[in-house]
Amino acid sequence: MVRRSSVDYLDRLYASLPYILPITAVVLFGAFLFEQFPPLATIFTPVFYLYRILSISIIDFISIRFVAWFCVFIFVVRSYKVNHFIRFNAMQALLLDIIVALVGALTELLSLILGKLAFFPFMLQIIASVTFLGITAASVYGIFECIRGKYADKIPVISDVSYSQIR
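The following paragraphs examine the structure supplied in this document. Bear in mind the structure is a predicted one, so any value in this text is a computation, not a measurement.

Cut-offs applied
Residues numbered from 1 in each chain as written. Predicted model: local features only at pLDDT ≥ 70, side-chain atom pairs only at ≥ 80, totals over all residues. Heavy atoms only, no water. Helix = DSSP H or I, 4+ residues; strand = E, 2+ residues; numbered from the N terminus. Contact = heavy atoms within 4.5 Å. Salt bridge = Lys/Arg side-chain N within 4 Å of Asp/Glu carboxyl O. Buried < 20%, exposed > 50% of the residue type's maximum accessible area, 1.4 Å probe, protein only. Expected span 1.5 Å × (residues − 1). Lys, Arg positive; Asp, Glu negative; His and termini not counted. Polar contact = N/O pair within 3.5 Å; in protein donor to acceptor, adjacent residues only side chain to side chain. Arc of directions from axis to C-beta. Phe/Tyr/Trp six-rings, centres within 6.5 Å; stacked < 30°, edge-to-face > 60°.

A short note on the overall build of the protein chain
Then, number 1: Broken down by element type, the protein chain carries nine helices and two strands.
Then, number 2: The order of α-helices and β-strands along the protein chain, N terminus first, is α-α-α-α-α-β-β-α-α-α-α.
Then, number 3: By principal-axis analysis of the C-alpha atoms, the protein chain measures approximately 55 × 35 × 30 Å.
Then, number 4: Taking the contacts inside the protein chain whose residues are at least 6 apart along the sequence as the reference set, 70% of them involve residues at least 24 apart.

Considerations on the pattern of salt bridges
Then, number 1: Under the defined criterion, the tally for this structure stands at three salt bridges.
Then, number 2: In this structure, R148 and E145 form a salt bridge, with 2.9 Å as the shortest nitrogen-oxygen distance. One end of the pair, R148, and the other, E145, are both in helix α8 (residues 120–148), three residues apart, so they sit about a helical turn from each other.
Then, number 3: Given the relative accessible area of 7%, E145 is considered buried.

Digging into α8
Then, number 1: Look at α8: 42 Å from first C-alpha to last across 29 residues, which is about the 42 Å you get at 1.5 Å a residue.
Then, number 2: Within α8, burial applies to F120, A128, S129, T131, F132, I135, T136, A138, S139, G142, E145 and C146.
Then, number 3: Among the structural elements, α1 (9–16), α2 (20–26), α3 (31–36), α4 (38–43) and α7 (84–114) are those in contact with the buried residues of α8.

Structural notes on the side chain of R87
Then, number 1: You can see R87 is positioned in helix α7.
Then, number 2: In this structure R87 is buried but unpaired, with D11 as the nearest side chain of opposite charge at 12 Å.
Then, number 3: A polar contact is formed between the side chain of R87 and the backbone oxygen of V77, at a distance of 3.2 Å.
Then, number 4: Ignoring sequence-local partners within four residues, the contact set of R87 consists of V76, V77, S79, Y80, V82 and I166.

Digging into helix α6 (residues 64–77)
Then, number 1: The end-to-end C-alpha distance of α6, which contains 14 residues, comes to 18 Å, matching closely the 20 Å that a straight helix rising 1.5 Å per residue would cover.
Then, number 2: Three or more residues of α6 are buried, namely R65, W69, V72 and V77. Considered in projection along α6, the buried side chains sweep an arc of 65° and stay on one side of the axis.
Then, number 3: Buried-residue contacts for α6 involve α2, α5 (45–54), β2 (62–63), α7 and α9 (158–166).

Looking at the packing of aromatic side chains
Then, number 1: Evaluation of the coordinates by the stated rule reveals nine aromatic pairs.
Then, number 2: Measuring from ring centre to ring centre gives 5.4 Å for F34 and F132, while their planes differ by 80°; the resulting arrangement is edge-to-face. Of this pair, F34 sits in helix α3 while F132 is found in helix α8, placing the two residues 98 residues apart along the sequence. Comparing F34 with F132 shows no difference in burial state: the two are buried.
Then, number 3: Centroid distance W69 to F73: 5.8 Å. Interplanar angle 15°. Geometry classified as stacked. You can see W69 and its partner F73 sitting in helix α6, four residues apart, about one turn around the helix.

Now the structure itself:
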């Protein structure tokens with residue numbers, strides 16, 4: 001991966017902030033794990049508060065999350081004045097957020113189709129837990145690498161797509 005500019009401490013902070021969006025979006029998928037491991041719920045207490053704030057509706061179907069997502073996309077990812085490091089990490093965070101939305105839509109669709117089958121709650125629990133663990137791990141990895149000042153370019157597919165969108 002091409003390194004286009006230096007990374008100072010403020011860039012590290014700004015690059016790690018967009019990862020709040022996927023972590024707050026996926027927190028609802030962790031409900032099954034939070035029931036089984038209550039200390040995990042205490043760790044995610046600040047994320048629950050951020051989720052509530054981002055879920056506040058501004059106009060009917062438009063929430064603060066929706067506005068924040070588009071602001072990050074338009075003013076950070078698509079702005080060539082912003083450091084490449086920040087743009088790459090912002091795009092990666094937005095892609096993780098899209099994955100959470102797609103899995104949410106998939107689970108809604110599956111509940112309509114398979115909702116009456118006996119094994120569906122177990123299948124839903126597996127999908128939700130894997131999504132929660134995967135997105136949380138990818139977001140924490142991204143934040144950790146941002147703090148170190150390095151590109152979080154080891155997330156399969158997501159890093160490649162992010163890099164191709166940022167060039």
